[in-house]
Amino acid sequence: MADVIEVQDLRKSFPGVEAVRGLDLRVAAGELFGLLGPNGAGKTTTLRMLTTLLPIDAGTAVVAGADVARDPRTVRRRIGYVGQIGGADLPATGRENLLLQGRLYGASRSDARRRADELIEALALGAFVDRRVGTYSGGQRRRLEIALGLAHRPRVLFLDEPTTGLDPQNRANLWDQLRALRSDGTTIVLTTHYLEEADALADRLAIVDAGRVVAEGAPRALKAQLAGDTVTLRPRGDVPAVRTLLDAQPFVRNVVLDGDALRLAVPDGPDALPELLDVLGGAGVELAALTLVEPSLDEVFLRVTGRALRDVA
Amino acid sequence: MSDVGLLWWRKMLETIRQPVWVISGLTTPLLYLLLFAPLLDRLAGSAAFPRGEVLDVFLPGLLALLAFSSGMGAGWGVIAELQTGVVERLRVTPASRFALLFGGVLRDVVAFLVPATIVVLIAVPFGYDPSVPGVLGLLGLLCLVTATTSAWSSALGLIFRDIGGLAAVVTGLQLPLTLLSGVLLPLSLAPGWLRGLAYADPLYYAVQAARALSDGVVDLSRVGVGVLVIGALTVLTLTWATRCYRRVAP
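Procedures and definitions
Counting from 1, residues in each chain are numbered in the order their sequence is written. The lettering of chains begins at A and the numbering of ligands begins at 1, in the order of writing. pLDDT decides what is reported in this predicted model: residues at 70 or higher carry local features, side-chain atom pairs at 80 or more are listed and counted, and totals for whole chains, interfaces and linings draw on all residues regardless. UniProt positions are given in the numbering used here, feature names are shortened, and annotations may be inferred rather than shown by experiment. Only DSSP runs of H or I with at least four residues qualify as helices, and only runs of E with at least two residues qualify as strands; both kinds are numbered from the N terminus onward. Partly exposed residues are those whose C-beta has more than 12 but fewer than 20 other C-beta atoms within 10 Å; with 20 or more the residue is buried, with 12 or fewer it is exposed, and the C-beta atoms are placed from the backbone. Note that contacts rest on C-beta atoms placed from the backbone: two residues are in contact if these are within 7 Å. Put simply, the radius of gyration uses C-alpha atoms, and a globule should come to 2.2 Å times the residue count raised to 0.38. Under the scheme applied here, ten amino acids are nonpolar (Ala, Val, Leu, Ile, Met, Phe, Trp, Tyr, Cys and Pro), four are charged (Asp, Glu, Lys and Arg), and all others, including Gly, are polar. In this entry, domain limits derive from an automatic or database-based domain assignment. A pair of strands is considered paired only if DSSP assigns at least 2 bridges between the two. Axis angles are defined between N-to-C directions and span 0 to 180 degrees, where every axis is a line fitted to C-alpha atoms and, for a helix, only to the segment in contact. A helix's residues, less one, multiplied by 1.5 Å, set its expected span.

Per an unreviewed UniProt entry, chain B carries the name Transport permease protein and comes from Cryptosporangium japonicum. The record held by UniProt for chain B lists under Sequence similarities (unreviewed entry) the comment "Belongs to the ABC-2 integral membrane protein family."

As recorded in an unreviewed UniProt entry, chain A goes by Daunorubicin resistance protein DrrA family ABC transporter ATP-binding protein and comes from Cryptosporangium japonicum. Check the Sequence similarities (unreviewed entry) section of the UniProt entry for chain A; it says "Belongs to the ABC transporter superfamily. Drug exporter-1 (DrugE1) (TC 3.A.1.105) family." Per its UniProt entry, chain A bears the Subcellular location (unreviewed entry) comment "Cell membrane".

The following block contains the structure:
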């Protein structure tokens with residue numbers, strides 16, 4: 001599929017800080033793409049450059065077919081943006097916000113009204129949309145703000161830390177809504193410092209650290225490639241012999257004896273398990289227990305940055 | 001241009017919904033009229049009010065003061081909208097950067113014009129006797145004063161991003177600017193050095209022109225200079241504030 005976002009060697013410095021230092025990124029049409037990294041990694045600065053809010057120091061960024069530095073107006077018409085601190089107009093009602101947003105993108109009064117109704121339906125805003133935004137709860141406001149970002153049916157929707165400050169219930173709802181959007185064909189780029197969020201939501205993600213992308217891929221692939229799954233098994237009988245047998249398998253790494261159990265790493269657990277059972281069955285080994293533990297992105301992060309995300313976030 | 005209309009209406013709704021502001025916009029000038037103007041009656045016929053009609057001199061100054069203060073608060077609104085992300089959201093839309101600024105400026109102009117008109121109408125039965133085309137020209141000129149202060153305050157809001165810095169500069173300049181402009185008492189009463197200082201105050205020229213216009217006099221030395229100074233400042237501050245909207249610090 002065509003790339004909707006192509007970023008090459010993007011750079012941005014502020015007095016005393018090199019916030020983004022040579023960042024490369026490609027996002028395909030229809031993808032839900034995550035930028036994962038600790039606070040201060042350069043995610044928000046990157047997003048602000050891609051959305052025309054911040055001038056680019058060096059490098060190129062093409063978003064939705066237009067060059068961000070040379071043609072910001074075209075980029076603005078084609079993207080939606082939901083900032084970290086929101087952006088809904090508090091003294092106005094939700095509906096007034098939606099109508100104004102639509103008309104600023106050039107919709108006629110009646111088109112803006114129709115689109116507002118669609119969004120009220122899609123994001124379940126009906127119960128509160130005619131109240132002033134100042135009275136909304138955090139979750140209600142977030143939903144309105146996402147609707148505002150979608151007012152003109154953008155090709156790409158950017159969201160900066162969309163679930164920060166939401167309770168678990170609202171966070172889960174928002175995830176569902178973002179997935180639904182993605183299945184309607186909208187490309188979504190979001191930043192997050194929550195591992196679970198990147199893992200649960202993103203088709204692909206880039207781990208950003210100190211202004212650069214340090215790893216990129218589908219969450220599963222990243223985990224498989226960088227950390228691997230852990231299989232723990234407890235054979236009946238001669239454990240050292242089983243260990244020797246497993247050590248000889250090309251897809252098995254790091255076999256460790258742990259009491260009467262063996263722990264080993266495989267690149268892709270669900271794929272490796274049948275093969276592992278074949279090998280053990282062929283050698284007549286009986287198993288008392290078998291567990292598979294998938295690695296977390298935390299391990300991936302630790303591997304690529306040398307630090308745990310939870311320590312730095 | 002339609003962006004300006006949309007963004008102006010957004011700010012208008014905000015104003016209309018805060019009745020406190022609508023009321024205070026009216027009460028301040030009316031209080032001056034009721035509680036201050038009578039003090040001047042004793043001065044009628046003196047050097048300050050040669051023609052004897054106190055209100056003819058005082059009211060244009062009062063309107064200039066109202067015009068100045070109507071635009072001054074813009075920066076506070078801008079900072080609130082920076083903090084709630086509204087400025088950022090609007091900057092990602094294709095709306096022109098000028099419209100982002102001018103919607104608010106135009107609201108401030110309306111928020112000056114409505115009470116100013118009411119004050120003029122109320123002052124007439126109390127003895128204010130202006131030239132009608134003159135007073136229309138006066139209101140037009142003072143709308144530019146409001147636009148200038150509104151743009152200037154907005155730009156400072158975008159630059160300072162916090163109320164403390166903005167308040168220090170705006171309120172720090174407000175008092176000298178209004179005192180030197182001779183809004184409350186004409187500077188013809190002032191000693192020479194004070195009059196010299198007034199020449200550095202743009203508001204002084206607006207007040208001079210406003211008084212001439214109110215009398216129905218269109219002269220080069222007061223009206224011509226006033227329109228030139230305020231017109232140039234309007235263009236300058238609007239351009240500057242639009243640039244500030246183009247590049248808002250992160």
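**Q** Whenever I open this one, the overall build of chain A confuses me. Can you help?
**A** Helix and strand counts for chain A come out as 12 helices and 14 strands. Looking at chain A residue by residue over its 313 residues, the buried ones come to 43%. Sequence separation of 24 or more characterises 67% of the internal contacts of chain A that already satisfy a separation of 6 or more.

**Q** How should I be thinking about the overall build of chain B in this particular structure?
**A** Helix and strand content of chain B: 11 helices and zero strands. Moving toward the C terminus, one meets the helices and strands of chain B in the order α-α-α-α-α-α-α-α-α-α-α. Here the C-alpha atoms of chain B give a radius of gyration of 18 Å, agreeing with the 18 Å that 2.2 N^0.38 yields for 250 residues. Oriented by its inertia axes, the alpha-carbon framework of chain B measures out at about 60 × 35 × 30 Å. Looking at chain B as a whole, 44% of its 250 residues are labelled buried.

**Q** What is the right way to look at the interface of chain B and chain A in this model?
**A** A common measure of how large an interface is: the accessible area buried when the components associate. The interface is formed by 17 residues belonging to chain B together with 22 residues belonging to chain A. Counting residues per element, the ones that place at least two in the side of chain B that touches chain A are α1 (2-16) and α5 (86-92) of chain B. Classifying every residue of the side of chain B that touches chain A gives seven nonpolar, three polar and seven charged.

**Q** Could you clarify how one ought to interpret the domain arrangement of chain A in this entry?
**A** Here chain A is described as being made up of domain 1 (3-223) and domain 2 (227-294). A C-alpha centroid distance of 43 Å is found between domain 1 of chain A and domain 2 of chain A.

**Q** In this structure, what is going on with the sheet that holds strand β1 (residues 3-14) of chain A? I would like to understand it.
**A** Strand pairing within a sheet occurs via backbone hydrogen bonds; the two strands may be parallel or antiparallel. Residue and element names in this part refer to chain A. With respect to topology, four strands assemble into an open sheet ordered β2-β1-β4-β5, the strand pairing being antiparallel. The open sheet has two edge strands, β2 (17-28) and β5 (66-67), and neither has a second partner. Across five bridges, β1 lies against strand β4 (residues 58-63) in antiparallel orientation. Along β4, the bridge assignment pairs Glu 6 with Val 62. Set on the sheet, helix α1 (residues 43-50) makes contact with β1, β2 and β4; between it and β1 the angle comes to about 120°.

**Q** Honestly, the sheet that holds strand β8 (residues 187-192) of chain A in this entry has me stumped. Any pointers?
**A** Residues and elements named next belong to chain A. Taken in spatial order, the six strands of this open sheet run β6-β7-β8-β3-β9-β10, and their pairing is mixed. Where the open sheet ends on each side, the last strands, each with one partner, are β6 (79-82) and β10 (212-217). On average, adjacent strands in this sheet sit at an angle of 15° to one another, irrespective of strand direction. Here strand β9 (residues 204-209) pairs with β10 via five bridges, running antiparallel. Bridge pairing in β10 links Asp 209 to Arg 212. Relative to β10, helix α11 (residues 297-305) is tilted by about 135°, and along the sheet it contacts β9 and β10.

**Q** Whenever I open this one, the pairing of β4(A) confuses me. Can you help?
**A** For a regular strand, side-chain orientation follows a simple rule: the groups alternate between the two sheet faces. All names here are of chain A. The pairing of β4 with β5 spans two bridges and is antiparallel. By the bridge assignment, Val 63 is partnered in β5 with Ala 66. Linkage of β4 to β5, two consecutive antiparallel strands, is achieved through a turn of two residues, within which Ala 64 is found at a positive phi near 50°.

**Q** Honestly, helix α11 (residues 220-246) of chain B in this entry has me stumped. Any pointers?
**A** An α-helix turns once every 3.6 residues. As a result, residues three or four positions apart point the same way. All names here are of chain B. With 27 residues, α11 extends 37 Å between its outermost C-alpha atoms, agreeing within 8% with the 39 Å of an ideal straight helix rising 1.5 Å per residue. Taken together, the buried positions of α11 are occupied by Val 223, Gly 226, Val 227, Ile 230, Leu 233, Thr 237, Leu 238, Ala 241, Cys 244 and Tyr 245. Tucked inside the fold, the buried residues of α11 contact α6 (97-123), α7 (132-160) and α10 (202-214).

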